[in-house]
Amino acid sequence: MIRAIVTDIEGTTSDIRFVHNVLFPYARERLAAFVNAQQYAEPVNTILDNLREEIAAPQASTRELIDTLFAFMDEDRKSTALKALQGIIWQEGYLNGDFTGHLYPDVLPSLEKWKAQGIDLYVYSSGSVAAQKLLFGYSDEGDITHLFSGYFDTHVGAKREVQSYQNIAAQINVAPSQILFLSDIHQELDAAEQAGFRTLQLIRGDDDGASHHHQVHQFDDINPEQIPS
Ligand SMILES: CSCCC(=O)C(=O)COP(=O)(O)O
Ligand SMILES: [Mg+2]
C-alpha cells in the first residue's frame with residue numbers, strides 16, 4: 001500500500017523547457033548584480049560563505065564566487081548555494097507576474113485525487129525548497145501548495161544518492177516500501193529503488209532505453225494501488 005508519493009519537478013510535474021528556457025536565464029541575467037548588491041546582507045552573506053565551503057576556498061572573493069556560480073550554471077551543477085540564490089532571484093519574477101510555474105495539465109487532477117485517497121504528497125527537487133514553494137505557489141493553476149505535506153531539496157542529499165531517500169523516509173516516518181518516487185531521471189529512480197522505494201519513471205519527451213523502471217507518460221497513467229514491480 002502506498003502511503004506517500006514523492007515527486008520530482010523538472011521533467012516530471014513541469015516542463016524541462018520552463019526550467020531551462022525561462023527560470024535559468026532569468027536568474028543568470030540578474031545573478032551578478034544581485035550578488036554584488038546583496039553580498040553583505042542576509043541571507044546572501046551566509047549563502048556565499050556556504051559556497052566558499054562547498055568549493056573549499058575560504059578566502060574566495062565575491063568576484064571569484066560569481067565566476068564560480070556562472071561555471072556552475074553552465075554545467076547545471078546542483079550546487080546548494082547556487083540553488084538558494086536562484087530561488088531568491090526567481091521570487092521577483094513570480095511576484096511581478098513575469099512567469100508562472102509550469103504544470104503539465106495531468107498533474108493537478110492526479111495530485112488532488114491521490115490526496116483525497118489519503119496519500120501524503122511530497123516534493124523532492126534540486127531546486128531549493130523556497131524555489132519549489134514559489135513554483136507551486138504561483139503555478140499555472142494558482143497556488144497548489146496546500147496539497148503538499150513537505151518539501152525536500154539538496155539539504156537532504158543529492159538526488160542520485162541512496163542516503164537521500166533513506167533520509168526522506170526517516171523524516172516523513174514512512175517505510176520506504178510504502179513510498180512511491182516519481183522522476184524522469186532513471187539514475188534518481190535507481191537510488192530511490194536501492195533505498196527500498198517504489199518507483200515510476202515519467203517519460204514526457206524522449207524515450208529512455210537505459211532504464212529498467214516502469215514508465216508512464218503522464219500522471220493519469222498512475223494508480224498508486226497498482227504499481228507494477
Ligand atoms: C524548483 S524549480 C527549479 C528546479 C531546479 O533548479 C533544478 O535544478 C531542477 O533540478 P531537478 O533535480 O529537480 O531536476
Ligand atoms: Mg527531473
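What you see is a predicted model; the values in this text were computed from it and never measured.

(A) Structural detail: the environment of proline 105. Mapped onto the secondary structure, proline 105 falls in the loop between helix H4 (80-96) and helix H5 (107-116). In the structure, proline 105 is positioned 63 residues away from isoleucine 168 in sequence and 27 Å away in space, judged by C-alpha atoms.

(B) Examining the pairing of strand S2 (residues 120-124) more closely. Here strand S1 (residues 4-7) runs beside S2; their pairing, made up of 4 bridges, is parallel. Looking across to S2, one finds that threonine 7 is bridged to valine 123. Relative to strand S3 (residues 148-152), S2 runs parallel, the two being bridged by 4 bridges. Looking across to S3, one finds that tyrosine 122 is bridged to glycine 150. For the crossover from S2 across helix H6 (residues 129-137) to S3, the handedness is right-handed.

(C) Expanded view of the domain arrangement of the protein chain. Entries for the protein chain in the domain assignment read domain 1 (4-15 + 101-221) and domain 2 (19-96). The distance between the C-alpha centroids of domain 1 and domain 2 comes to 25 Å. Across the boundary between the two partners, domain 1 contributes 13 residues, which contact 10 residues of domain 2.

(D) Structural detail: the environment of glycine 101. Topologically, glycine 101 is positioned in the loop between H4 and H5. In the structure, glycine 101 is positioned 34 residues away from leucine 135 in sequence and 4.4 Å away in space, judged by C-alpha atoms.

(E) Broad picture of the site of ligand 1. Taken together, 15 residues form the shell around ligand 1, and within it Glu10, Ser125, Ser126, Gly127 and Ala131 come nearest. If you list the elements that add at least two residues to the shell around ligand 1, you get helix H1 (16-38), H4 and H6. Here the shell around ligand 1 takes 3 residues from H6, the largest share from any one element. Looking at the shell around ligand 1 residue by residue, the class counts come to 5 nonpolar, 5 polar and 5 charged. Taken domain by domain, the shell around ligand 1 gets at least three of its residues from each of domain 1 (4-15 + 101-221) and domain 2 (19-96).

Here is what the cut-offs are and how they apply
- Residues numbered from 1 in each chain as written.
- Chains lettered and ligands numbered in written order.
- Predicted model: local features only at pLDDT ≥ 70, side-chain atom pairs only at ≥ 80, totals over all residues.
- Helix = DSSP H or I, 4+ residues; strand = E, 2+ residues; numbered from the N terminus.
- Pairing = 2+ DSSP bridges.
- Right-handed = clockwise from strand over helix to strand, strands pointing away.
- Domains from an automatic or database assignment.
- Contact = placed C-beta atoms within 7 Å.
- Near = placed C-beta within 6 Å.
- Nonpolar A, V, L, I, M, F, W, Y, C, P; charged D, E, K, R; others polar.

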